[in-house]
Amino acid sequence: MEMTKTHQELKKIFERLGLEIPEVELCDIATAIKFIDEMKNEVRKLHCFISKG
Amino acid sequence: MIPDFLTIAHAAKLIQKRELSPVELVENCLQRIERIDGQINSFIHILADNARSAAHLAEREIASGHYRGLLHGIPIGLKDVYETADIPTTCHSKIMMNHIPKADAQSVIRLKQAGAIIMGKLATHEFAFGGPSFDLPWPPARNPWDITRFTGGSSSGTGASVAAGLVLGGAASDTGGSIRTPAAYCGVAGIKPTFGLISRKGILPLSFSLDHAGLMAWTAEDCAILLQSMAGFDSEDPVSIDHPIPDYRSSLTGDVKGIRVGFLRHFYTTDAAAANTPTCDAIDAAVKKLEEMGCSVHEIHLSPLTEWAACGTIIMMAEAYAIHEANLRTRFMDYGEVFRNRMALAGLITSADYIQATRRRRELIDEFERIMTNFDVILTAVVRNEAPQIEMVGKFSIFEKPLLTMPFNVTGTPAMSVCCGYTETGLPLAMQIIGKRFDDATVLRVADAYERCTPWRQRRPLM
């Protein structure tokens, strides 16, 4: 399977984390990153620079 | 002849009057497990010999006048994240197949002290997170109402075994809905009590700040009986809170006149994905019933569900990754595919994401506490639909729609799933009742009163 640039970047990230992920699963994981990105945006968007937290 | 389905309260009454023998009750459950569990896979380990020995002991104690209370001689199960001395505790994972703890979890000690009979260790999603999975050492649990359907998770075996009448109650855990979701899909009562109310010592963790120990049974009354024995301060659990434990069962008066209910409708109607018509109709009917019973109901609004769910999910995944990081590096393929792929995504969460989520959590808790100054309980959905086909549940399904249960792991407040009807095809529907911190008694009181005024507890799955 030929990997897109995004997949290659993803593979490098996981290599840095020490995770050896099979190629076919890497493709599945790539499709699900959008869910994580959406959640990250949700927890960041309402924060002002200085908050009581 | 022992009925196939008994509640804890009913069985306890019979045992106390010596009209029912714990030995016969345990044998009856073991026969049901033998006959039925091959279809629903709710047990990982059946502890038949231990259960028989404990039942004989209970019988002797009761005969000699040493009745310990309402759990004495009652068969229950434990989600296989609760450690049990000299008995494997696997988290339904190859990673932990050889893990044999030296001691019982604190809550298991309490259940045994109350006289409960441990029938076995129950199926879970792998490490209370990855499921349903078909590539683990044991198959996933299936729904007793229709074995082609999903139980919900992660306390899948507890939900299935209680619904099928294989045990009368069970211990479970809930990090983002793992008690309430299987309770909803399997048509049982399930409560995630206040954070810190039940000790987590000896319960294998998923997320340090979101994990709640809890329980499931057929009725709210049975949940109150189980909670009574499991709740209590434990100095060896760093998040355990020393708070007075009320008599939960005595709070079940059947009277809810004057209870103020906040109806949180937008979570499951206009925020993100909407619930299906049978779910919405069943909850609307439950609201009407509670009004007839004397509750005052007012619709309320909180921040959108997506924000609550994102906050909790980011925290849960980051904390779970911290727990599993070493094994993910060295034994990645020993985890099931669902767990390891979800955890790979968790590896993409940064420390900044985690800290932002933690900061947002404080704001959301403040918001919740403000609104609760005007209400005794909140009512919303648990899930958006009846149990789906198990084969249709995707690897990343928990991320596709924000979890309706996660907000109350974020707040740490008591939250309970209560059956509120059935679809035309006979699958259970549920509502969620949420209370103030340490006011678990009011949640149970409303749930119990509702159950008494509706026919839903009279129907059982045909196995």
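Residues numbered from 1 in each chain as written. Chains lettered and ligands numbered in written order. Predicted model: local features only at pLDDT ≥ 70, side-chain atom pairs only at ≥ 80, totals over all residues.

## Notes on the overall build of chain A
Helices and strands together make up the secondary structure of chain A, namely two helices and zero strands. Of all 53 residues assigned to chain A, the portion counted as buried reaches 13%. (Helix = DSSP H or I, 4+ residues; strand = E, 2+ residues; numbered from the N terminus. Buried ≥ 20, exposed ≤ 12 C-beta atoms within 10 Å, placed from the backbone.)

## Describing the pairing of strand S9 (residues 377-381) of chain B
Residues and elements named next belong to chain B. By the criterion of burial, S9 is predominantly enclosed, with five of the five residues buried. Taken together, the three bridges between strand S7 (residues 260-263) and S9 define a ladder with parallel strand orientation. Bridge pairing in S9 links Phe263 to Leu379. Across five bridges, S9 lies against strand S11 (residues 428-435) in antiparallel orientation. (Pairing = 2+ DSSP bridges.)

## What about helix H1 (residues 8-16) of chain B?
Residues and elements named next belong to chain B. All of the buried residues along H1 are Ile8, Ala11, Ala12 and Ile15. All buried residues of H1 project into a common sector of 100° when viewed along the axis, lining one side. Against the buried residues of H1 lie helix H2 (22-40), helix H3 (48-63), strand S4 (169-174), strand S6 (212-217) and helix H7 (220-230). Downstream of H1 by a residue or two, Arg18 has a phi angle that is positive, lying close to 60°. (Arc of directions from axis to C-beta. Contact = placed C-beta atoms within 7 Å.)

## Considering helix H11 (residues 337-346) of chain B
For H11(B), the buried fraction is high: eight of the ten residues fall into the buried class. Those residues of H11(B) lying buried are B:Val338, B:Phe339, B:Arg340, B:Asn341, B:Arg342, B:Met343, B:Ala344 and B:Ala346.

## Brief notes about the interface of chain B and chain A
Taken together, the 25 residues of chain B in the interface contact 23 residues of chain A. Elements with a contribution of two residues or more to the side of chain B that touches chain A: helix H10 (305-331), H11 and helix H12 (351-372) of chain B. The element best represented in the side of chain B that touches chain A is H10(B), accounting for eight residues. Residue composition of the side of chain B that touches chain A, by class: twelve nonpolar, five polar and eight charged. (Nonpolar A, V, L, I, M, F, W, Y, C, P; charged D, E, K, R; others polar.)

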